[in-house]
Amino acid sequence: MKRITNKHCRMMLTAGILFLLSACSVSQFVPGEGVVSENNYAVIRTDTLLIIVKPQSYPGSYQEINNRFFPIFISIKNNSRQKIKLQESSFSILCNEKQYDPVPVDYILSDLERRMMLKEFSDPFSPTTEFGITDRNKEQEMYYELVNNAFSSAELLPGAKKEGYLFYNREIASARYFTINILGTAIPFVKQ
């Protein structure tokens, strides 16, 4: 019977770690063929617009949103001398022959507020933290942070830039590819 030495243990541990890292690698969406990209952001330039878009996790405090919705970061700069009207209908995703429109931020905020209220009723005597901040205060900060980080549809002034997150149906995350249409520009993404 062979004796296992420290060297063998280290080699098996290293092999096990490498196996786990490769098994746990998370697939992500990257811009499709023919799309100009930088750091997996699709970069679209037209005469009037600079559009940067990437499906990515919402980085804010409300991390649960990443399990419930499919977040996409969008940045749009108006290079023209005219105002450009941005409407929610200007940002649709085509995936598996279905059209997905952004989930209204008001719905997400209402859901977050409802969760905060239910949590408060389930434990009305929740103690404050060592710094005197209650869970309710933290949740209100999450609420306002989400308001500030969400992409808002409105007029985009000449020379101005807007950026933020749009949230879509979570089903898109399980697809192999999808196309997002932003102001009439189709941008394909594929899972890598």
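Everything numeric here is computed off the predicted structure, so don't read it as measured data.

Procedures and definitions
- Residues numbered from 1 in each chain as written.
- Predicted model: local features only at pLDDT ≥ 70, side-chain atom pairs only at ≥ 80, totals over all residues.
- Heavy atoms only, no water.
- Pairing = 2+ DSSP bridges.
- Helix = DSSP H or I, 4+ residues; strand = E, 2+ residues; numbered from the N terminus.
- Axes fitted to C-alpha atoms, helices over the stretch in contact; angles between N-to-C directions.
- Buried < 20%, exposed > 50% of the residue type's maximum accessible area, 1.4 Å probe, protein only.
- 1 Å grid on protein atoms, 1.4 Å probe; cavity = no way out; pocket = protein on both sides within 12 Å on 5 of 7 lines; lining within 4 Å.
- Points joined across faces, edges and corners; volume = space filled by probe spheres on them.
- Nonpolar A, V, L, I, M, F, W, Y, C, P; charged D, E, K, R; others polar.
- Phe/Tyr/Trp six-rings, centres within 6.5 Å; stacked < 30°, edge-to-face > 60°.
- Lys NZ or Arg CZ within 6 Å of the ring centre and 35° of its normal.

**Re the sheet that holds strand β11 (residues 177–182)**
Here is step 1: A sheet is described by the order of its strands in space; here five strands give the open sequence β1-β12-β11-β7-β8, paired in antiparallel fashion. Each having just a single partner strand, β1 (29–31) and β8 (98–100) make up the two edges of the open sheet. Going across the sheet, the axis of each strand differs from the next one's by a mean of 30°, ignoring polarity.
Here is step 2: Judged from the three bridges that link them, strand β7 (residues 91–95) and β8 form a sheet pairing that is antiparallel. Residue Cys95 lies in a different strand from β8, and its bridge partner there is Lys98.

**Describing the sheet that holds strand β2 (residues 37–38)**
Here is step 1: Judged by pairing direction, the sheet is antiparallel, and its five strands sit side by side in the order β2-β3-β4-β5-β10 without closing on themselves. Looking at the sheet topology across the chains shown, the edges are occupied by β2 and β10 (161–169).
Here is step 2: Note: strand β5 (residues 69–78) against β10, nine bridges, orientation antiparallel. Among the inter-strand pairings, Pro71 is bridged to a residue of β10, identified as Phe167.

**Some words on the pairing of strand β4 (residues 49–55)**
Here is step 1: Among the seven residues in β4, five count as buried, and that is most of the element.
Here is step 2: Connecting strand β3 (residues 41–45) to the next strand, β4, in antiparallel fashion are three residues.
Here is step 3: Taken together, the seven bridges between β4 and β5 define a ladder with antiparallel strand orientation. Of the residues in β5, the one forming a bridge with Ile51 is Ile76.

**Notes on empty space enclosed by the protein**
Here is step 1: Under the definition given, this model contains one cavity of 30 Å³ or more.
Here is step 2: What the largest cavity holds in volume is close to 40 Å³.
Here is step 3: Residue composition of the lining of the largest cavity, grouped by class: seven nonpolar, one polar and one charged.

**Some details on the packing of aromatic side chains**
Here is step 1: Applying the stated criterion across every chain yields a total of eleven aromatic pairs.
Here is step 2: Centroid distance Phe29 to Phe70: 5.8 Å. Interplanar angle 85°. Geometry classified as edge-to-face. Of this pair, Phe29 sits in strand β1 while Phe70 sits in strand β5; the two residues are 41 residues apart in sequence, bridging distant segments of the chain. By the burial criterion, Phe29 is buried, and Phe70 matches it.
Here is step 3: We note Lys54 situated over the ring of Tyr41; from NZ or CZ to the ring centre the distance is 4.7 Å.

In short, geometric facts, not functional conclusions.
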